[in-house]
Every structure is written in C-alpha cells, then in structure tokens.
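Examination of the molecular architecture
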Amino acid sequence: MKKSIFLLALVFMAVGISCLPAKAEVITLDQAKALANANSRTLAQYQLNTQKADYQIDKLEQQQSVTGNILENMLDRYEEIQEQIAALKEAEGDHTQAISQLQQQLDELDESIDEKAESAAATSNDVEDSEETLDDAEVAEANYAKKLDYEVEKLYTSILQQVSSLETANLRQQAAEIELQMARTRLQLGTGTQSGVYEKAIRLSDQEKEIASIRQRIRTAKGTLNDILGRDYSADLELSDFVWTSSLDIPEYDTLLDQARSRYQALKNTGQAIEDAEEDLEDTDDYYSHMLLTLEIQEKKLALEDQKLQLSQSVDNLLYEVSLQQQTYKTAQLDCQQALQKYSWDKKRYELGQISKMTLLTSELEYINARNQQATENYALFLAEHQLQLAQKGIL
C-alpha cells in the first residue's frame with residue numbers, strides 16, 4: 001500500500017512539473033547576430049541580388065560562346081566560298097553565273113558576319129557590365145552583413161536598457177504606493193489633506209502608465225528582433241546581459257580618415273563614374289555632346305568633393321563621440337560605486353531603525369538608477385566603438 005502511494009506521489013509530481021511553463025530561451029548577443037545573418041530577409045535580398053548577377057554573367061557567357069561558335073562557322077563558310085570562287089575562276093569554261101551566285105552568297109554572309117561580330121562585341125560589353133554589377137552586389141552584401149550585426153547590437157542593447165528601465169519603474173511604483181498609503185494615513189490622522197492624497201494617487205497612476213508603456217516598447221522591440229532572427233514575432237525571448245570591456249585604441253584622425261576613404265564605397269563609385277565619363281569624352285566627336293559630358297564630369301567632381309567633406313566630418317564626429325563616451329562611462333562607473341556605497345550604509349541604518357522604509361527605498365532606487373545608467377553608458381560605448389571599427393572598413 002505504501003509503495004502504491006509513493007508511486008502515485010511520483011506521478012503527481014511528474015504531472016505537476018510538466019505543467020510548469022517552459023522558460024524562455026536565453027539568446028546571447030553572438031547567437032542573435034548569427035541567427036540574424038541566417039534569417040534576415042533584407043540580407044537574403046542582397047544575397048539574391050548577388051546570385052542574380054552571377055547567373056546573368058553565366059547566361060551572357062553562354063550566349064557569347066554560342067555567338068562565337070556561329071561566327072566561327074560563318075567565317076569557315078566564308079573561306080569555303082572564297083575558295084570555290086577562286087577555283088571556278090581558274091577552271092576552264094564559262095562559270096560567270098555560278099561565280100555571281102557565290103559572290104551574292106559571299107556578300108550576304110559578309111553582312112551576317114558583321115552583324116554577328118557587332119552582337120558578340122555588345123555581349124562582351126554586357127559581360128563586363130555584369131561583372132561590375134556582380135562586384136557591386138558582393139560589396140553591398142558584405143557591407144550590409146556588417147551593418148546588420150550593428151543593427152542587431154543596437155536593438156539587443158536597447159531591449160536590455162528597456163528591461164532595466166522597467167525594473168526602475170517598478171521600484172518607483174512601489175515608492176508611489178507607499179507615498180499614497182502615507183498620505184491616506186495622514187488624512188485619517190488629520191495631518192493631511194484630500195488634495196495631497198489625490199496628488200499621490202495621480203503620481204501612482206502616471207507610474208502605472210509608464211510601466212505599461214515600457215512593457216509595450218519591450219514587446220515591440222522583442223517582436224522586431226524575433227523577426228530579424230527568423231523567429232515568431234510573439235515568441236518568448238530572453239536576452240543575456242553583458243559588460244563590454246573596452247580594448248580599442250582610438251586611432252588618429254588622419255589614420256582613420258585614410259582607412260575610411262580607401263574603403264568607402266560611395267567614393268569609389270563616384271570616382272569610377274568620373275573615369276567612365278572621361279573615357280566616353282575621349283570618344284565623343286559631337287561638339288554639344290562633348291560640352292554636356294564635360295559639364296556632367298564637373299558635376300560629378302563637385303559631388304565627389306562633397307562626399308569627401310561629409311566623410312571627413314563623420315570621422316571627426318565619430319572620434320569625438322567615442323572619446324566622449326569613454327569618459328562618460330568612467331563617470332557612470334564612479335556614480336554607481338558611490339550610489340552602491342550609500343545604499344549599503346542606508347541598509348545598515350534601516351536595520352538600526354535610524355531611517356524609514358521609504359528613505360531606504362529611495363536610496364535603493366538611486367542605486368538602481370546609477371547601476372542602470374552605468375549599463376546604458378557601457379552599451380553606448382560598445383556601439384560607439386563598433387561604429388568606429390565599421391568606419392575603418394569604410395562603412396559609415
């Protein structure tokens with residue numbers, strides 16, 4: 001009997017455990033970036049563009065091969081007809097009509113050869129253009145993959161910040177509830193007013209609205225991240241906190257500018273467009289076309305200088321932001337240490353009955369705020385340094 005009861009107990013425990021809600025999967029930042037690279041629809045579109053450009057080259061090269069074979073056969077046939085005409089001219093008898101017919105075939109074939117040669121040349125140009133398109137598509141795909149990592153990092157850290165804000169908001173709500181209760185108590189004792197109670201109730205209501213707003217922002221951000229990661233929009237998602245340890249040596253302005261310029265695709269594209277236009281200019285004989293193309297080249301050169309200026313400004317601002325963020329994070333660390341020290345002292349004072357629970361809660365709230373601010377500045381430093389690393393690769 002006892003054995004049966006024991007077995008029944010095990011069954012009920014197993015059923016109870018199985019009914020517990022499954023804990024949401026915790027996804028690290030590295031895992032999130034890997035999932036995004038595997039499932040991002042935007043990145044997939046870039047990859048499709050690369051594949052389409054690659055297939056277009058294959059198609060044109062096959063067409064080029066077919067045209068080449070046809071042209072080779074036509075040239076062989078051209079030589080055969082020439083040999084036949086030469087043989088008839090040397091042969092005895094009157095072969096004028098036969099030679100005339102062969103000559104007509106030769107003339108028609110000559111026109112066909114010219115058309116095929118033009119077609120082959122056009123196809124060759126199309127292959128070169130398609131190869132440039134493929135190169136551009138591959139660069140665009142690689143650059144977006146790097147940008148995607150950064151976008152995931154921004155969204156990931158934003159969610160972590162919102163979760164921290166929710167923790168702070170919950171503490172504020174607790175403080176607002178205590179203040180409301182104290183206001184009601186004072187009203188009952190005759191030392192408070194109804195307006196004072198109303199004011200505290202409004203504050204509590206505002207805090208509840210703020211909590212609801214933060215939760216909605218978290219849901220929206222998590223849904224967006226889930227979608228990027230290839231998961232259901234409403235799937236449970238837990239992220240892993242992390243502390244970024246800075247190990248980046250900030251480069252000199254000239255060094256970073258040279259690195260960015262050498263890899264910045266927009267500058268390369270504009271420079272290439274200028275070179276192409278200058279080549280076209282050499283082949284242009286018409287006066288007006290020549291002048292219009294000259295003006296177009298001047299416009300492109302002005303645009304190139306604007307791009308260089310914008311790049312210089314971006315690099316300068318980025319270096320300033322990274323340097324400033326490093327200092328801001330150090331300040332946040334000191335503020336957090338001081339807030340923690342004060343909270344530790346206040347806990348001891350509360351245990352000794354020297355301060356109220358409300359005062360302790362305020363001290364805890366200040367510490368939580370300082371801790372969250374330290375995390376926020378740490379994430380901001382992480383993103384700023386990653387931006388600088390992207391700039392070194394020409395991505396701004």
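The structure this text deals with has already been given above.
Below you will find a few notes about this structure. Remember, it's a predicted structure, so these values are computed and weren't measured experimentally.

Looking only at helices and strands, the protein chain features 9 helices and 2 strands. In sequence order, the protein chain lays out its α and β elements as α-β-α-α-α-α-β-α-α-α-α. Against the compact-globule benchmark of 21 Å for 396 residues, the protein chain has a radius of gyration of 37 Å, which places it well outside the compact range. Within the protein chain, the proportion of its 396 residues that are buried is 30%. Summarising the internal contacts of the protein chain: among those between residues at least 6 apart in sequence, 81% fall at separations of at least 24.

The subject of this paragraph is the side chain of Glu385. Relative to the helices and strands, Glu385 resides in helix H9 (residues 357–392). In this structure Glu385 is buried but unpaired, with Lys330 as the nearest side chain of opposite charge at 9.7 Å. When neighbours within four sequence positions are excluded, Glu385 is seen to be in contact with Trp244, Ser246, Ser247, Leu248, Val322 and Gln326.

The next thing to look at is the packing of aromatic side chains. Overall, the coordinates contain 7 aromatic pairs when judged by the stated rule. On the numbers, 4.9 Å between centres and 20° between planes, the contact of Tyr46 with Tyr144 is stacked. You can see Tyr46 sitting in helix H3 (residues 41–90) and its partner Tyr144 sitting in helix H4 (residues 96–189), a full 98 residues away along the chain. Judged by relative accessible area, which is 28%, Tyr46 ranks as partly exposed. Classification of Tyr144 as buried rests on a relative accessible area of 18%.

Right, let's talk about H3 for a bit. End to end, H3 covers 73 Å across 50 residues, agreeing with the expected 74 Å (1.5 Å per residue, within 8%). Among the residues of H3, those classed as buried are Leu43, Thr50, Ala53, Ile57, Leu60, Thr67, Leu71, Met74, Tyr78, Ile81 and Ile85. Where the residues of H3 are buried, they touch helix H2 (29–39) and H4. The backbone nitrogen of Thr42 lies 3.4 Å from a side-chain oxygen of the residue at the head of H3, namely Ser40.

Turning to the nonpolar core, a few remarks are in order. Within soluble globular proteins, side chains that are nonpolar generally end up buried alongside one another. Residues Val152, Tyr156, Leu225, Leu239 and Phe242 are the most contacted members of the largest nonpolar core, which totals 25 residues. Listed by contribution, the elements that provide at least two residues to this core are H2, H4, helix H5 (194–228) and H9. With 9 residues, the top contributor of residues to this core is H4. If near-sequence neighbours (up to four positions away) are discounted, Leu239 is found in contact with Val26, Ile27, Tyr156, Ile159, Leu160 and Leu225.

This part takes up the pattern of salt bridges. Under the defined criterion, the tally for this structure stands at 14 salt bridges. Of the charged contacts in the structure, one is a salt bridge between Asp227 and Arg41, with a shortest N-O distance of 2.9 Å. Placement of Asp227 in helix H5 and of Arg41 in helix H3 is noted, with a sequence separation of 186 residues between them. On the basis of relative accessible area, Arg41 is assigned to the exposed category, the value being 59%. The closest approach of N and O atoms between Asp346 and Arg349, which form a salt bridge, is 3.0 Å. Of this pair, Asp346 and Arg349 both sit in helix H8 (residues 287–351), 3 residues apart, roughly one helical turn. Given the relative accessible area of 37%, Arg349 is considered partly exposed. Linked through salt bridges whose partners overlap, the residues forming this network are Lys342, Asp346, Arg349 and Glu366.

By the element assignment, Lys357 lies in helix H9. For Lys357 and Ser344, which are 13 residues apart along the polypeptide, the C-alpha to C-alpha distance reads 14 Å.

Looking now at the packing of helix H6 (residues 253–263) against H8. It is the contact of H6 with H8, at a shortest axis distance of 10 Å, that shows an interaxial angle of 130°. Put simply, H6 runs oblique to H8. Crossing of H6 against H8: the hand is right-handed. In contact with Tyr253, Leu256, Leu257, Ala260 and Arg261 of H6, H8 contributes Lys308, Leu311, Ser312, Val315, Asp316 and Leu319.

Okay, the side chain of Asn226 next. Within the fold, Asn226 resides in helix H5. Classification of Asn226 as buried rests on a relative accessible area of 0%. For Asn226, the residues in contact, after removing those within four places along its chain, are Arg231, Asp232, Tyr233, Ser234, Ala235 and Leu237.

This part takes up the environment of Ile99. The residue Ile99 is located in helix H4 in this model. Assessed through its relative accessible area of 18%, Ile99 is described here as buried. Along the sequence, Ile99 and Ile85 sit 14 residues apart, while their C-alpha atoms lie 5.7 Å from each other. Setting aside its immediate chain neighbours within four residues, Ile99 contacts Ile85, Leu88 and Lys89.

Taken together, Tyr287, Tyr288 and Met291 make up a surface patch of nonpolar side chains, about 380 Å² in accessible area. Here Tyr288 lies in helix H8.

Between H6 and H9, whose axes approach to 7 Å, the crossing angle comes to 60°. Classed by the angle they form, the pair H6 and H9 counts as oblique. Contacts between H6 and H9 pair Leu256, Gln259, Ala260 and Arg263 from the former with Leu388, Ala391 and Gln392 from the latter. Each residue belonging to the contact of H6 with H9 can be placed in one class, and the counts come to 4 nonpolar, 2 polar and 1 charged.

Calculation notes
- Residues numbered from 1 in each chain as written.
- Predicted model: local features only at pLDDT ≥ 70, side-chain atom pairs only at ≥ 80, totals over all residues.
- Heavy atoms only, no water.
- Helix = DSSP H or I, 4+ residues; strand = E, 2+ residues; numbered from the N terminus.
- Rg over C-alpha atoms; globule rule 2.2 N^0.38 Å.
- Buried < 20%, exposed > 50% of the residue type's maximum accessible area, 1.4 Å probe, protein only.
- Contact = heavy atoms within 4.5 Å.
- Lys, Arg positive; Asp, Glu negative; His and termini not counted.
- Salt bridge = Lys/Arg side-chain N within 4 Å of Asp/Glu carboxyl O.
- Phe/Tyr/Trp six-rings, centres within 6.5 Å; stacked < 30°, edge-to-face > 60°.
- Expected span 1.5 Å × (residues − 1).
- Polar contact = N/O pair within 3.5 Å; in protein donor to acceptor, adjacent residues only side chain to side chain.
- Core = buried A, V, L, I, M, F, W, Y, C linked by side-chain atoms within 4.5 Å.
- Axes fitted to C-alpha atoms, helices over the stretch in contact; angles between N-to-C directions.
- Parallel < 35°, antiparallel > 145°, perpendicular 65-115°, else oblique.
- Left-handed = near helix turned anticlockwise from the far one by under 90°.
- Patch = residues over 30% accessible without salt bridge, like charges linked within 9 Å, V, L, I, M, F, W, Y side chains within 5 Å.
- Areas by Shrake-Rupley, 256 points an atom, 1.4 Å probe, with all protein chains shown as cover.
- Nonpolar A, V, L, I, M, F, W, Y, C, P; charged D, E, K, R; others polar.

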